[in-house]
Amino acid sequence: MGNYHVTLQAAYVVKNVDDVEDAINVAISQIGKTLNRHSMEYVDIDIGLTICPKCGEPIDCVLVVARTALVGILLSMRVFNAESTEHAIRIAKATIGKALKDIPLEVVDVVEMRK
């Protein structure tokens, strides 16, 4: 049995925002409230990054069109006593997915933690 740090990416839609910063703040706030309602304070929330096609630098993973934003959010948590990497992924997806229903989740990274 191993311990893992699993990071998932979520695509979150935010409506009635003015700009990128507003979209980020609203998305993190709404996801945080939802996770807290489910007693999941142990899940870390961060903004996703993508590479700018023009300059090659990392930028926030947010697209705002017509006051509606698609925000890429990173959700990470530690999974203890998993049988394998795949088992840790299933546990993380099931745990986070229960709180964030109808939000697509994709695995970004899985790291086995040393004891």
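Residues numbered from 1 in each chain as written. Predicted model: local features only at pLDDT ≥ 70, side-chain atom pairs only at ≥ 80, totals over all residues. Heavy atoms only, no water.

- Per an unreviewed UniProt entry, the recorded name for the protein is UPF0212 protein MetfoDRAFT_1959, and the organism is Methanotorris formicicus Mc-S-70.
- Word for word, the UniProt comment on the protein under Sequence similarities (unreviewed entry) is "Belongs to the UPF0212 family." (UniProt positions renumbered as here; feature names shortened; annotations may be inferred.)

**Here we look at the overall build of the protein**
Part 1 of the reasoning: Assigned secondary structure in the protein consists of two helices and seven strands.
Part 2 of the reasoning: In the protein, the succession of α and β elements from N to C terminus is β-α-β-β-β-β-β-α-β.
Part 3 of the reasoning: Viewed in the frame of its principal axes, the protein has a C-alpha envelope of about 50 × 35 × 20 Å.
Part 4 of the reasoning: The buried share of the protein, taken over its 115 residues, is 36%.
Part 5 of the reasoning: Summarising the internal contacts of the protein: among those between residues at least 6 apart in sequence, 74% fall at separations of at least 24.
Part 6 of the reasoning: Only carbon and sulfur atoms are counted for the fraction: they give 51% of the accessible area of the protein, which is about 7,200 Å².
Part 7 of the reasoning: Computing the positive centroid from 12 side-chain charges and the negative centroid from 15, the protein places the two 7 Å apart. (Helix = DSSP H or I, 4+ residues; strand = E, 2+ residues; numbered from the N terminus. Buried < 20%, exposed > 50% of the residue type's maximum accessible area, 1.4 Å probe, protein only. Contact = heavy atoms within 4.5 Å. Areas by Shrake-Rupley, 256 points an atom, 1.4 Å probe, with all protein chains shown as cover. Lys, Arg positive; Asp, Glu negative; His and termini not counted. Charge placed at Lys NZ, Arg CZ, Asp CG, Glu CD.)

**Digging into the pattern of salt bridges**
Part 1 of the reasoning: Summed over all chains, the structure comprises one salt bridge.
Part 2 of the reasoning: Linking Arg67 and Asp18 is a salt bridge whose minimum nitrogen-to-oxygen distance equals 2.6 Å. One end of the pair, Arg67, is in the loop between strand S5 (62-65) and strand S6 (68-82); the other, Asp18, is in the loop between strand S1 (2-15) and helix H1 (20-37), with 49 residues separating them in the sequence.
Part 3 of the reasoning: Here Arg67 falls in the partly exposed class, since its relative accessible area comes to 42%. (Salt bridge = Lys/Arg side-chain N within 4 Å of Asp/Glu carboxyl O.)

**What about helix H2 (residues 85-99)?**
Part 1 of the reasoning: For H2, which comprises 15 residues, the first-to-last C-alpha distance of 22 Å matches the rise-based estimate of 21 Å (1.5 Å per residue) to within 8%.
Part 2 of the reasoning: For H2, every residue scored as buried is listed here: His87, Ala88, Ile89, Ala92, Ile96 and Ala99.
Part 3 of the reasoning: As for H2, its buried residues are in contact with S1, H1, S6 and strand S7 (105-113). (Expected span 1.5 Å × (residues − 1).)

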